[in-house]
Amino acid sequence: MSEQEKTRRVLNVGGHSREIALPPQFASFEHLMLDIDPATSPDICCDARLLGTLEIGQFDAIYCSHNLEHYYRHDVRDVLSGFLHVLKEGGFVYAIVPDVMELMTVTVQNGLDIDDVLYQSAAGPIMVQDVLYGYSVEIERRGADFFAHKTAFSKKSLSAAFKRAGFSIVYSKAENLEVTSIAFKGKPDPESLALFQLQPQK
């Protein structure tokens with residue numbers, strides 16, 4: 001088998017910019033970006049709800065950071081089903097979303113109002129409502145509806161969404177106002193488990 005044939009492929013769904021680095025676990029993967037916005041010059045310009053129209057089983061992994069919350073709850077089903085469609089058997093999704101449960105806890109515990117600053121980011125101050133409804137500065141600047149948040153997740157609800165979509169095994173954690181899930185199609189590849197230091201589930 002040639003080195004080219006051994007190279008695994010990751011689809012970065014809603015990546016928005018190639019300047020945003022993927023986690024180091026994807027360093028050896030061929031990186032392709034899918035985005036709904038043609039201005040980002042994606043490899044695949046497509047609404048993630050239409051992933052089922054693409055060629056089946058062509059990716060080893062999907063990276064989806066802060067994108068699933070931009071779909072209505074009923075549309076998330078189509079997105080996750082599309083992930084299954086384009087993944088190879090044993091492939092996985094690495095997804096990150098805002099943690100609405102921790103957001104509510106922090107907001108109440110610290111007596112924050114909806115317009116209060118929750119934290120400082122590289123893009124600027126992030127208000128409580130930015131996490132709930134989408135980054136208001138970007139929405140105003142771009143004037144595009146797809147930047148708004150249309151649903152929210154907890155660790156439990158994101159794991160359940162992957163299970164309902166047909167993913168066999170889901171690893172999830174919640175920290176720093178984010179939920180991260182790694183969801184597998186079929187039996188996880190030992191190499192993929194090792195990448196993230198995950199233990200096999202029975």
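In short, a report on the structure. Just so it is clear, the structure is predicted and the values come from calculations on it, not from any experiment. (Residues numbered from 1 in each chain as written. Predicted model: local features only at pLDDT ≥ 70, side-chain atom pairs only at ≥ 80, totals over all residues. Heavy atoms only, no water.)

## As for the nonpolar core
Basically, it comes down to this: Here the nonpolar core consists of buried residues drawn from Ala, Val, Leu, Ile, Met, Phe, Trp, Tyr and Cys, with membership extended through side-chain atoms lying within 4.5 Å. Burial classes: relative accessible area under 20% of the type maximum marks a residue as buried, over 50% as exposed, and values in between as partly exposed (1.4 Å probe, protein chains only). Segments assigned H or I by DSSP are reported as helices when at least four residues long, segments assigned E as strands when at least two residues long, and all are numbered from the N terminus. When checking whether two residues touch, look at their non-hydrogen atoms; a contact exists if any pair is within 4.5 Å.
Residues Leu11, Ile62, Leu68, Leu80, Phe83, Phe162 and Phe167 are the most contacted members of the largest nonpolar core, which totals 32 residues. Ranked by residues supplied to this core, first place goes to helix α2 (residues 73-86) with six residues. Sequence-distant contacts of leucine 11, defined by excluding residues within four places in its chain, comprise Leu32, Met33, Leu34, Ile44, Leu51, Phe59, Ala61, Ile62 and Tyr63. Core analysis: the next-biggest nonpolar cluster, separate from the first, contains 16 residues, Val10, Leu22, Tyr94 and Ile182 among them.

## Considering α2
Quick note on the threshold: Between the first and last residue of a helix there are one fewer steps than residues, each counted as 1.5 Å, and that sum is the expected span.
The terminal C-alpha atoms of α2, which comprises 14 residues, lie 21 Å apart, in line with the 20 Å expected from a rise of 1.5 Å per residue. Three or more residues of α2 are buried, namely Asp75, Val76, Val79, Leu80, Gly82, Phe83, Leu84 and Val86. On its buried side, α2 packs onto β1 (9-13), β4 (59-65), β5 (87-98) and α6 (155-165).

## Let's talk about the sheet that holds strand β8 (residues 169-175)
Here is the rule we go by: Two strands qualify as a pair provided that DSSP identifies no fewer than 2 bridges between them. Only the contacting stretch of a helix is used when fitting its axis, a line to C-alpha atoms as for every element, and angles between N-to-C directions run 0 to 180 degrees.
Here seven strands make up an open sheet; going across it, the order is β3-β2-β1-β4-β5-β9-β8 and the pairing mixed. The outermost strands of the open sheet, each flanked by one partner alone, are β3 (44-45) and β8. Where β1 lies against β4, three bridges are found, and the strand directions are parallel. Bridge pairing in β4 places asparagine 12 opposite tyrosine 63. Seen against the sheet, α2 touches β1, β4 and β5 and runs at an angle of roughly 145° to β5.

## Examining the environment of lysine 6
Its location among the elements puts lysine 6 in helix α1 (residues 3-6). Note: C-alpha distance between lysine 6 and phenylalanine 29 (23 residues apart in sequence) is 9.7 Å.

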